Amino acid sequence: DSDGVVQPPQTRKGYDKSPLPKRLVVLAGAGHLAFSDLCLIGASQGGILQVALDSGIEVLPLIATLARDGCAPEDLAPEKGFAIIHGATSAALEEHLTCRGDQSAFFASLPTALPNVATVEQAAAP
């Protein structure tokens, strides 16, 4: 819900236009890079962007913006985000690829079970 690159209203539009079945899990305090390990690379050296700049690599402004979004100390810590992302992804894959049954109850429980889940929305196929 803190993505500065793909604003929450854009995410909402993408979800609304997606075919059924669909789910949207929004992480509180998560920036654009919450779904990658880029915030962890070179963290002790100021982050991947700073490593690139210190190495003399010219970084375009758009790339610099992308490289910072979600990596600030006030953003959701990667480890907390990864736990949610891995759990939700695993549940969706188990449901659709291994036929383990409907995972709607699992997704519905996420905002109560995990404090960093801002919202969950689901829409089943007709």
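This text follows the structure it describes.
Reading guide: rules and limits
- Residues numbered from 1 in each chain as written.
- Predicted model: local features only at pLDDT ≥ 70, side-chain atom pairs only at ≥ 80, totals over all residues.
- Heavy atoms only, no water.
- Phe/Tyr/Trp six-rings, centres within 6.5 Å; stacked < 30°, edge-to-face > 60°.
- Buried < 20%, exposed > 50% of the residue type's maximum accessible area, 1.4 Å probe, protein only.
- Lys NZ or Arg CZ within 6 Å of the ring centre and 35° of its normal.
- Disulfide = S-S within 2.5 Å.
- Helix = DSSP H or I, 4+ residues; strand = E, 2+ residues; numbered from the N terminus.
- Axes fitted to C-alpha atoms, helices over the stretch in contact; angles between N-to-C directions.
- Parallel < 35°, antiparallel > 145°, perpendicular 65-115°, else oblique.
- Left-handed = near helix turned anticlockwise from the far one by under 90°.
- Contact = heavy atoms within 4.5 Å.
- Nonpolar A, V, L, I, M, F, W, Y, C, P; charged D, E, K, R; others polar.
- Polar contact = N/O pair within 3.5 Å; in protein donor to acceptor, adjacent residues only side chain to side chain.

Draft legend 1. Quick look at the packing of aromatic side chains. Per the counting criterion, the structure on display carries 1 aromatic pair. Relative to Phe-107, the ring of Phe-106 lies with its centre 5.5 Å away and its plane at 80 degrees, an arrangement referred to as edge-to-face. Since its relative accessible area comes to 30%, Phe-106 is described here as partly exposed. Its end group placed over the ring of Tyr-15, Lys-22 keeps NZ or CZ at 4.6 Å from the ring centre.

Draft legend 2. Region of the structure containing the state of the cysteines. One pass over the structure, following the stated rule, counts 1 disulfide. Bridging Cys-39 to Cys-71, the disulfide has an S-S length of 2.0 Å. Looking down the S-S bond of the Cys-39 and Cys-71 bridge, the torsion is -80 degrees, so its handedness is left-handed. Taken together, the residues Cys-39 in the loop between strand S1 (22-27) and helix H2 (48-54) and Cys-71 in the loop between helix H3 (61-68) and helix H4 (78-97) connect sequence positions 32 residues apart.

Draft legend 3. Representation of the packing of H4 against helix H5 (residues 104-113). In contact at an axis separation of 10 Å, H4 and H5 are set at 165 degrees when each is read in the N-to-C sense. With respect to H5, the element H4 is oriented roughly antiparallel. For H4 against H5, the interelement crossing comes out left-handed. Side by side, H4 and H5 meet where Gly-87, Ala-88, Ala-91, Ala-92 and Glu-95 of the first sit next to Ser-104, Phe-106 and Phe-107 of the second. In terms of residue class, the contact of H4 with H5 is built from 5 nonpolar, 2 polar and 1 charged.

Draft legend 4. Layout of the environment of Asp-75. For Asp-75, the location among the structural elements is in the loop between H3 and H4. The contacts of Asp-75, once residues within four sequence positions are left out, are Gly-29 and Gly-70. Of the polar contacts made by the side chain of Asp-75, one reaches the backbone nitrogen of Gly-70; its length is 3.4 Å. Only 2.9 Å separates the side chain of Asp-75 from the backbone nitrogen of Ala-72, close enough to count as a polar contact.

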